[in-house]
Amino acid sequence: MPYIIVLTAVIGILVLQMTGAIPMDAVGGGLVIAAATFVAVLALAVHEAWTNKRGVLGWIVNIVVSLVAAFFAAQFGGPLVAIPLLMLAGEGSSSLAAAGSGVMSLALVLVMVVTLAGSSGALWLVNRRR
């Protein structure tokens, strides 16, 4: 089931980008991407808590751990994805948005997957400690 959440999040972020809902020249673009990632991470945490029949404290721990891990995964994973993609885009590109929609789409997909993988990994570690 987590794979379905990841697939839905990837499709969702690509649909947002293709429809123009992510502005490329303003702060709103980052906020839309962050909101989509937040929803996906929250769905991942809720799914894990629901399927393992956690109590109230377990739900709270799952949500907090998942959000904190996603924050760090996005902060560390973003540059790891962006730097190689900017090198592939060529010398004239100063940002992923300026590089073109194909490169930007690939960056959005990779950052979403890295963020959700970090969140899922943190939940896995917490579950091993319980």
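The structure under discussion appears in the preceding block.
Since this is a predicted model, take the numbers as computed values, not measurements.

Chemist: Just give me the short version of the packing of helix H1 (residues 2-18) against helix H2 (residues 27-51), but keep the residues and values in it.
Modeler: With their axes 10 Å apart at the nearest point, H1 and H2 run at an angle of 165° to one another. Taken together, the axes of H1 and H2 lie roughly antiparallel to each other. Helix-helix and strand crossings are classified by hand; for H1 and H2 the assignment is right-handed. Of the residues in H2, those touching H1 at Pro2, Ile5, Ala9, Ile13 and Leu16 are Val32, Ile33, Ala36, Ala40, Ala43, Leu44 and His47. Broken down by class, the residue content of the contact of H1 with H2 amounts to 11 nonpolar, one polar and no charged.

Chemist: Just give me the short version of H2, but keep the residues and values in it.
Modeler: Relative to the 36 Å expected for 25 residues at 1.5 Å per residue, H2 spans 36 Å between its end C-alpha atoms, a close match to the ideal helical length. Considered for burial, the residues of H2 that qualify are Gly29, Ala36, Thr37, Ala40, Val41, Leu44, Ala45, His47, Glu48 and Ala49. Immediately downstream of H2, the backbone of Lys53 shows phi near 50°, a positive value.

Chemist: Can you break down the packing of aromatic side chains residue by residue, with the values?
Modeler: Going through the model one piece at a time under the given rule, you end up with three aromatic pairs. With a centroid separation of 6.4 Å and an interplanar angle of 15°, the aromatic rings of Phe72 and Phe76 are classed as stacked. You can see Phe72 and its partner Phe76 sitting in helix H3 (residues 56-89), four residues apart, about one turn around the helix. When its relative accessible area of 58% is taken as the criterion, Phe76 is described as exposed. Aromatic ring contacts, followed pair by pair, group Phe71, Phe72 and Phe76 into a single cluster.

Chemist: With reference to specific residues and values, describe the nonpolar core.
Modeler: Among the nonpolar cores identified, the biggest contains 15 residues, and Ala9, Ile13, Ala40, Leu108, Met112 and Leu116 are the most heavily contacted of them. Listing elements by their share of this core, those giving two or more residues are H1, H2 and helix H5 (101-129). Looking at which element gives the most residues to this core, the answer is H5, with five residues. Setting aside its immediate chain neighbours within four residues, Ile13 contacts Ile22, Ile33, Ala36, Leu108 and Met112.

Chemist: Any details on the side chain of Thr37? Residues and values, ideally.
Modeler: Its place among the elements puts Thr37 in helix H2. Using a relative accessible area of 15% as the deciding quantity, one classes Thr37 as buried. Reaching out from Thr37, the side chain makes a polar contact with the backbone oxygen of Ile33 at a distance of 2.9 Å. What Thr37 contacts, discounting residues up to four positions off in sequence, is Met112 and Thr115.

Scoring rules and cut-offs
- Residues numbered from 1 in each chain as written.
- Predicted model: local features only at pLDDT ≥ 70, side-chain atom pairs only at ≥ 80, totals over all residues.
- Heavy atoms only, no water.
- Axes fitted to C-alpha atoms, helices over the stretch in contact; angles between N-to-C directions.
- Helix = DSSP H or I, 4+ residues; strand = E, 2+ residues; numbered from the N terminus.
- Parallel < 35°, antiparallel > 145°, perpendicular 65-115°, else oblique.
- Left-handed = near helix turned anticlockwise from the far one by under 90°.
- Contact = heavy atoms within 4.5 Å.
- Nonpolar A, V, L, I, M, F, W, Y, C, P; charged D, E, K, R; others polar.
- Expected span 1.5 Å × (residues − 1).
- Buried < 20%, exposed > 50% of the residue type's maximum accessible area, 1.4 Å probe, protein only.
- Phe/Tyr/Trp six-rings, centres within 6.5 Å; stacked < 30°, edge-to-face > 60°.
- Core = buried A, V, L, I, M, F, W, Y, C linked by side-chain atoms within 4.5 Å.
- Polar contact = N/O pair within 3.5 Å; in protein donor to acceptor, adjacent residues only side chain to side chain.

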